[in-house]
Amino acid sequence: MRKPKIVLARVLAYISIQEVVLGTVFAPDLLDSIREKYRFQQFPVKVEDMKVKDGINFLDGMAGKTAIERFVIWDHTLVLETRVSTDASKEVLESLLAWAAAKFGLTYQA
């Protein structure tokens, strides 16, 4: 019997971006660092692309050996999608949050 193929593994985190950032981070610096660290191929470039109410989208990145299909930031929700597993997606999202907290002094704690 063949093992089923994972088409999409999505995890969500319900976090208020305003509470995590608390006005201490210059958003373009944070977004550019996310793009660079995870090597996203599509990412926000213009100010119009950086509105959390519409979702800030990052596409086609890498976290170690895990390909990230999509990472989206909304006002109160983060979404991360891979084609590996929900456990792997959760690990990547938690790692991203811990890294951003350490690098930018955000208030997130696992």
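Fair warning: this is a prediction, and the values are worked out from it, not measured in the lab.

(A) Molecular detail of helix 2 (residues 27-37). Among all positions of helix 2, only L30, L31, S33 and I34 are buried. Along the axis of helix 2, the buried residues cluster in a sector spanning 160 degrees; they form a single face. Against strand 2 (56-63), strand 3 (66-73) and helix 3 (86-104) lie the buried residues of helix 2. Positive backbone phi, at 50 degrees, marks R39, one or two positions downstream of helix 2.

(B) Up close: the nonpolar core. Counting 27 residues, the largest nonpolar core has I34, Y38, F58, F71, I73, L78 and L93 as the members making the most contacts within it. Counting only elements with at least two residues in this core, the list comes to strand 1 (9-14), helix 2, strand 2, strand 3, strand 4 (77-82) and helix 3. By residue number, the principal contributor to this core is helix 3, which donates 8 residues. Not counting the four nearest positions on each side in its chain, F58 is found in contact with L31, I34, R35, F40, Q42, F43, P44, E69, R70, F71 and I73.

(C) Expanded view of the packing of aromatic side chains. Overall, the coordinates contain 5 aromatic pairs when judged by the stated rule. Aromatic side chains F40 and F58 sit 5.1 Å apart centroid to centroid with 50 degrees between the ring planes, which places their arrangement in the tilted category. Linking F40 in the loop between helix 2 and strand 2 with F58 in strand 2, this pair joins segments that are 18 residues apart in sequence. Between W99 and F104, the aromatic rings sit 6.3 Å apart at their centres with planes inclined by 85 degrees, giving edge-to-face as the arrangement. Across the pair, exposure class does not vary: W99 and F104 are buried alike. These aromatic residues form a ring-pair network of at least three members: Y38, F40, F58, F71, W99 and F104. Sitting above the plane of the F43 ring, R35 keeps its charged end 5.1 Å from the centroid.

Cut-offs and rules
Going along each chain's sequence as written, the residues are numbered from 1 onward. This being a predicted model, a pLDDT of at least 70 is required before a residue's local features are given, and a value of 80 or more before pairs of side-chain atoms are given or counted; all residues contribute to the totals for chains, interfaces and linings. With hydrogens and water excluded, all non-hydrogen atoms of the structure serve as input to the side-chain values. Only protein chains enter the calculation, and the probe is 1.4 Å; a residue is then buried if its accessible area is under 20% of its type maximum, exposed if over 50%, and partly exposed in between. To qualify as a helix, a DSSP run of H or I must reach at least 4 residues; to qualify as a strand, a run of E must reach at least 2; elements of each kind are numbered from the N terminus. Arc, as used here, means the arc of the directions from the helix axis to the C-beta atoms. Should any heavy atoms of two residues lie within 4.5 Å, those residues are considered in contact. Here, nonpolar core means buried Ala, Val, Leu, Ile, Met, Phe, Trp, Tyr and Cys residues that are tied together by side-chain atoms lying within 4.5 Å of each other. Each aromatic pair joins two rings of Phe, Tyr and Trp (for Trp, the six-membered one) with centres within 6.5 Å, and gets the label stacked for planes under 30 degrees apart, edge-to-face for over 60, and tilted for any other angle. For a ring to carry a charge above it, either NZ of a lysine or CZ of an arginine must fall within 6 Å of the ring centroid while also lying within 35 degrees of the normal to the ring plane.

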